[in-house]
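A look at the structure
So the chains spell out like this:
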Amino acid sequence: MSTSLAAAVDDLYCEVVMDPDRWGDEAYGEWMANLTIDRTSIDRREARSLRRAVRMATKLQRFWSSPESERYRGEESWEARVDLAVGIPAWRPALELAEQELKKSSSPEDFAEVRRRFRIVNGTPWMEGVEYDDWIARYSDDPIG
C-alpha cells in the first residue's frame, strides 16, 4: 500500500507533526495537487476522505506549532504525536481510504492494511481469525463485510 492514498495521509501527518512550521494553506494545496498527478483519478469518496485528512493535518499543525505542545516535543514517534494532538479521529480518513482501496483491488496487502487500521480506529479487531482467501470467498459481494 505504499502508493495508496492511506499511506499518503500517513506521510502527510508525519511531515506535519515533525515539521509543523513548514505547513500552511499553500503546502496543503500542493500536497493535494501532487496526489492527483500520481493517480489517474480520485473519486468523490476518496476526495471527501482526503479533505478530512487535510482538516486533521491542519489541527495537527496548529497544535504542534503552538506553545502548549512544548512539553510533548520530546516525543519522537510521529504516530504518538498524532495521538497526543488529535487522537483517534485523525486515523479515520486513512481507514476510509484503505477500505475504499480494498473494495477496488481486494489484494491480501489491502486486506491486512484495513485490518491493521480498523483496530487502531475502533479498538476492536476486524475479521479476526479470517484468512484473506476465506474472506474473499465469503465477502466478494460486500468486501468490507
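Look a little higher up for the structure.
Throughout, a residue's number is its position along its own chain's written sequence, starting from 1. Where local features are concerned, this predicted model is filtered to residues with pLDDT of at least 70; where side-chain atom pairs are given and counted, the filter is 80 or more; whole-chain, interface and lining totals use all residues. Remark: hydrogens and water are excluded; side-chain values derive from all non-hydrogen atoms of the structure.

Here a Phe, Tyr or Trp ring, Trp counted by its six-membered ring, pairs with any other such ring whose centre lies within 6.5 Å, and the pair is stacked when the planes are under 30 degrees apart, edge-to-face when over 60, and tilted otherwise. Under the defined criterion, the tally for this structure stands at 11 aromatic pairs. One aromatic cluster is present, formed by Phe111, Phe118, Trp126, Tyr132 and Trp135 through successive ring pairs. Any Lys NZ or Arg CZ that is within 6 Å of a ring centre and within 35 degrees of that ring's normal is treated as a charge sitting over the ring. Here arginine 81 stacks its cationic end above the ring of tryptophan 64, 4.6 Å away from the centre of that ring.

With that out of the way, let us pick up the environment of methionine 56. One can find methionine 56 in helix H3 (residues 44-65). The class for methionine 56 is buried, based on a relative accessible area of 12%. With 49 residues separating them in the primary sequence, methionine 56 and serine 105 have C-alpha atoms 27 Å apart. Every helix listed is a DSSP run of H or I at least four residues long, and every strand listed is a run of E at least two residues long, numbered separately from the N terminus. Relative accessibility thresholds used throughout: buried, under 20% of the residue-type maximum; exposed, over 50%; partly exposed, between the two (1.4 Å probe, protein chains only).

Here the focus is the environment of proline 93. Structurally, the position occupied by proline 93 is in helix H5 (residues 92-105). Throughout, a residue-residue contact means that at least one pair of heavy atoms, one from each residue, lies within 4.5 Å. Discounting chain neighbours no more than four positions away, the residues touching proline 93 are Tyr13, Ser49, Arg52 and Ala53.

With that settled, consider unusual backbone geometry. Most of the time, phi is negative for any residue but glycine, and the peptide bond is trans. A positive phi is found at serine 106, a non-glycine position, where the angle reads about 45°. In this structure, serine 106 sits in the loop between H5 and helix H6 (108-122).

Note: α-helices contain 3.6 residues per turn, so residues at a spacing of three or four share the same orientation. The complete set of buried residues in helix H4 (residues 78-85) reads Trp78, Arg81 and Val82. Along the long axis of H4, the arc covered by the buried residues comes to 100°, so they all point the same way. Structurally, H4 contributes buried residues whose contacts are with helix H1 (5-18) and H3. With its phi angle positive at about 85°, glycine 87 sits one or two positions after the end of H4. Our arc is simply the arc of the directions from the helix axis toward the C-beta atoms.

Here we come to the nonpolar core. Ranked by size, the top nonpolar core spans 39 residues in total, and within it Val9, Leu12, Tyr13, Trp31, Val82, Trp126 and Trp135 carry the most contacts. If you list the elements that add at least two residues to this core, you get H1, helix H2 (25-38), H3, H4, H5, H6 and helix H7 (132-138). Side-chain atoms within 4.5 Å are what join buried Ala, Val, Leu, Ile, Met, Phe, Trp, Tyr and Cys residues into a set we call a nonpolar core.

This part is about the packing of H1 against H4. Between H1 and H4, whose axes approach to 9 Å, the crossing angle comes to 80°. Put simply, H1 runs roughly perpendicular to H4. Contacts between H1 and H4 involve Asp10, Tyr13, Cys14, Val17 and Met18 on the former and, on the latter, Trp78, Arg81 and Val82. In the contact of H1 with H4, the residues fall into six nonpolar, no polar and two charged. Whenever a helix is involved, its axis is fitted only over the stretch in contact; in every case the axis is a line through C-alpha atoms, and angles between N-to-C directions fall within 0 to 180 degrees. Oblique is the label for any angle not covered by the other classes, which are roughly parallel (under 35 degrees), roughly antiparallel (over 145) and roughly perpendicular (65 to 115). Polar here means any residue other than Ala, Val, Leu, Ile, Met, Phe, Trp, Tyr, Cys and Pro, which are nonpolar, and Asp, Glu, Lys and Arg, which are charged; Gly is therefore polar.

It is worth stressing that arrangement in space is one thing and function is another; only the former is reported here.
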